[in-house]
Amino acid sequence: MNPFSYGTIVRGDFFYDRKEEGERIVSTLTNGNNMVLFAPRRYGKTSLVFRVIEELEERGYTCVYMDFLPVYSIETFVSLYISAIEKKQNNLQRLVQIITNVVKSIRPKLTFDSSGNPEFGIDLTESTVSIQTLSEVLDLPEKLALSGKKTIVIFDEFQEITKLNKFGFESLLRSKIQQQQQVNYLFLGSRTHLLNDMFNNKNRAFYNSASHMQLGPLPHDDTVAYLQEKFSQSGIDIELQVALYLIELSGDIPYYIQLLAAEIWQYIITSQTSVTRELVDICAERIVELKKDYYFELFDHQSVMQKQLLKALMQSGDNIFSAPYTRRFRLSAASTTQKSVLALMDSGIIDKTNSSYFISDPFFKRFIRNYAL
Ligand SMILES: Nc1ncnc2c1ncn2[C@@H]1O[C@H](COP(=O)(O)OP(=O)(O)OP(=O)(O)O)[C@@H](O)[C@H]1O
Ligand SMILES: [Mg+2]
């Protein structure tokens, strides 16, 4: 079995490092504060948070995890949130009772399947959820926690809440968070510019409401040690310099490191006992080839200015709005660049750390180098 895993939440033996980050999150939350965790896509936020959840649960906290990605309306929010809450309740009778008391327009029901296992469900009596109902649903974690364990609510991809401006959802949630004594919140998200604006803009409801933490790449020495150990379990050597090269080609992004390592392992497992630089290149090319059709379409979809900017970003992502940058890469004007940046960020094609912009997928970058320059 391939010892490298990517594309899903990694746990147990597949998860390394992030010890300090995990401890900081746990201590912030258990000290009664809220936290927002920023990182570009595929840096390992969700995996880290699942680690944190294990730790918190060991300490007796109830952790409600909810992903905002599938939420497209207030109604989907309500049903997904109640189901996330329900997953963590061991006393379903009590849950039914509390929902009945707290949320007037929802009828919870408990049925039993043929083996006698209880099944929980809800009936929404409103066709569109009212502000009153939304407000009552947001009260649930606090009401459930009152007589028992403290609760941590985790909202993944939290920037997606901006899609739900109806009812001033953001302000409503913020006011609930302020009132609640038994519940703390951990927000995470990958669209860093959206999330940043939510928490750093004075005019937004969540301004100054949580302690910030930025997740960076994994430290190189730990990654090298991890790669060496995993390869060696299959009798394969990888030297320091080659491992560093693998990390470099992966854009130093945890997901792509595992993807490339998995491809290499697959490629050589039956034939070779050491990973060379050439092999790393061959496998990086294989990944580009595998995704070529998708990349062609993606690139094709971009406007002329966006394509121009992508090509410029191949060289440099610093000071991209400056006159020298505009001149050097023959971009038309800073205002046009601004528009292209917003569009590319919105579709997740580029991202930003500190003040530097980069193409999020290092293999898409390689594709552009191969085919579009
Ligand atoms: N600490 C880690 N140890 C090992 N692999 C990791 C680690 N963190 C991330 N990865 C790799 O990155 C992949 C993505 O991780 P995860 O889904 O947790 O990231 P994410 O930041 O939540 O991503 P997304 O932006 O897609 O939601 C994992 O499948 C794994 O291959
Ligand atoms: Mg995630």
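Small disclaimer: the values here were computed from a predicted structure and weren't measured. (Residues numbered from 1 in each chain as written. Chains lettered and ligands numbered in written order. Predicted model: local features only at pLDDT ≥ 70, side-chain atom pairs only at ≥ 80, totals over all residues. Heavy atoms only, no water.)

A. Molecular detail of the nonpolar core. By size, the foremost hydrophobic cluster in this structure holds 79 residues, and its most contacted members are Leu260, Ile350 and Phe364. It is helix H10 (residues 254–268) that provides the largest number of residues to this core, a total of 10 residues. Among all residues touching Leu260, those that are not within four sequence positions of it are Leu246, Leu249, Ser250, Val280, Cys283, Ala284, Ile287 and Phe363. Listed in part, the 45 residues of the second largest apolar core include Ala84, Val102, Phe120 and Val129. (Core = buried A, V, L, I, M, F, W, Y, C linked by side-chain atoms within 4.5 Å. Buried < 20%, exposed > 50% of the residue type's maximum accessible area, 1.4 Å probe, protein only. Helix = DSSP H or I, 4+ residues; strand = E, 2+ residues; numbered from the N terminus. Contact = heavy atoms within 4.5 Å.)

B. Layout of the pattern of salt bridges. The final tally for this structure, using the stated rule, is 17 salt bridges. With its nearest N and O atoms 3.9 Å apart, the salt bridge here joins Arg11 to Glu54. Here Glu54 lies in helix H2 (residues 45–58) and Arg11 lies in the segment before helix H1 (19–30), a separation of 43 residues in the sequence. Judged by relative accessible area, Arg11 falls into the partly exposed class, the value being 44%. For Glu54, a relative accessible area of 38% gives the class partly exposed. When the shortest N-O distance is used, the salt bridge between Lys230 and Asp13 registers 3.6 Å. Taken together, the residues span a long stretch of sequence, with Lys230 in helix H8 (residues 220–232) and Asp13 in the segment before H1 at a distance of 217 residues. Look at Lys230 and you get buried, because its relative accessible area is 4%. (Salt bridge = Lys/Arg side-chain N within 4 Å of Asp/Glu carboxyl O.)

C. Structural view of the environment of Pro324. Along the chain, the position of Pro324 falls in helix H14 (residues 323–328). For Pro324, a relative accessible area of 51% gives the class exposed. Sequence separation between Pro324 and Ser335 is 11 residues; the distance between their C-alpha atoms is 14 Å.

D. Highlighting the site of ligand 1. The full set close to ligand 1 counts 21 residues, and Ser5, Thr8, Arg41, Lys45 and Ser47 are the nearest of them. Residue Ser47 places a side-chain N or O atom 2.6 Å away from an oxygen atom belonging to ligand 1. Of the pockets mapped on this structure, ligand 1 occupies the largest pocket. Of the residues belonging to the shell around ligand 1, the class tally is eight nonpolar, eight polar and five charged. (Near = heavy atom within 4 Å. Polar contact = N/O pair within 3.5 Å; in protein donor to acceptor, adjacent residues only side chain to side chain. 1 Å grid on protein atoms, 1.4 Å probe; cavity = no way out; pocket = protein on both sides within 12 Å on 5 of 7 lines; lining within 4 Å. Sits in = over half its atoms within 2 Å of the grid points. Nonpolar A, V, L, I, M, F, W, Y, C, P; charged D, E, K, R; others polar.)

E. Region of the structure containing the sheet that holds strand E5 (residues 151–156). Read from one edge to the other, the open sheet built from five strands follows the order E2-E5-E6-E1-E7, with strand pairing classed as parallel. Unpaired on one side and paired on the other, strand E2 (62–67) and strand E7 (211–214) mark the two borders of the sheet. With strand direction ignored, the average angle separating the axes of adjacent strands in the sheet is 15°. Bridging between E2 and E5 involves six bridges; their strand directions are parallel. Bridging across to E5, Thr62 finds its partner in Thr151. (Pairing = 2+ DSSP bridges. Axes fitted to C-alpha atoms, helices over the stretch in contact; angles between N-to-C directions.)

F. Structural context of the packing of helix H3 (residues 74–87) against helix H5 (residues 131–145). With their axes 10 Å apart at the nearest point, H3 and H5 run at an angle of 15° to one another. Judged by the inter-axis angle, H3 sits roughly parallel to H5. Between H3 and H5 the crossing geometry is left-handed. Facing Ile74, Phe77, Val78, Tyr81, Ile82 and Ile85 of H3, the residues of H5 in contact are Leu134, Val137, Leu138, Leu140, Pro141 and Leu144. A per-class count over the contact of H3 with H5 returns 12 nonpolar, no polar and no charged. (Parallel < 35°, antiparallel > 145°, perpendicular 65-115°, else oblique. Left-handed = near helix turned anticlockwise from the far one by under 90°.)

G. The packing of aromatic side chains, seen in detail. Under the counting rule described, the total for this entry stands at 32 aromatic pairs. Arranged with centres 5.4 Å apart and planes meeting at 50°, the rings of Phe187 and Phe199 form a pair that is tilted. Residue Phe187 is found in strand E6 (residues 183–189), and its partner Phe199 is found in helix H7 (residues 192–200); the two are separated by 12 residues along the sequence. Here Phe187 and Phe199 have matching classes, each one buried. An aromatic cluster is present here, built from Phe68, Phe77, Tyr81, Phe155, Phe158, Phe169, Tyr185, Phe187, Phe199 and Phe206 joined pairwise through their rings. The positively charged end of Arg42 is found above the aromatic ring belonging to Tyr255, 4.2 Å away from the centroid. The ring of Tyr245 has Arg277 sitting right over it, with the charged end atom 3.8 Å from the ring centre. (Phe/Tyr/Trp six-rings, centres within 6.5 Å; stacked < 30°, edge-to-face > 60°. Lys NZ or Arg CZ within 6 Å of the ring centre and 35° of its normal.)

As far as function goes, none of this settles anything; it's purely spatial.
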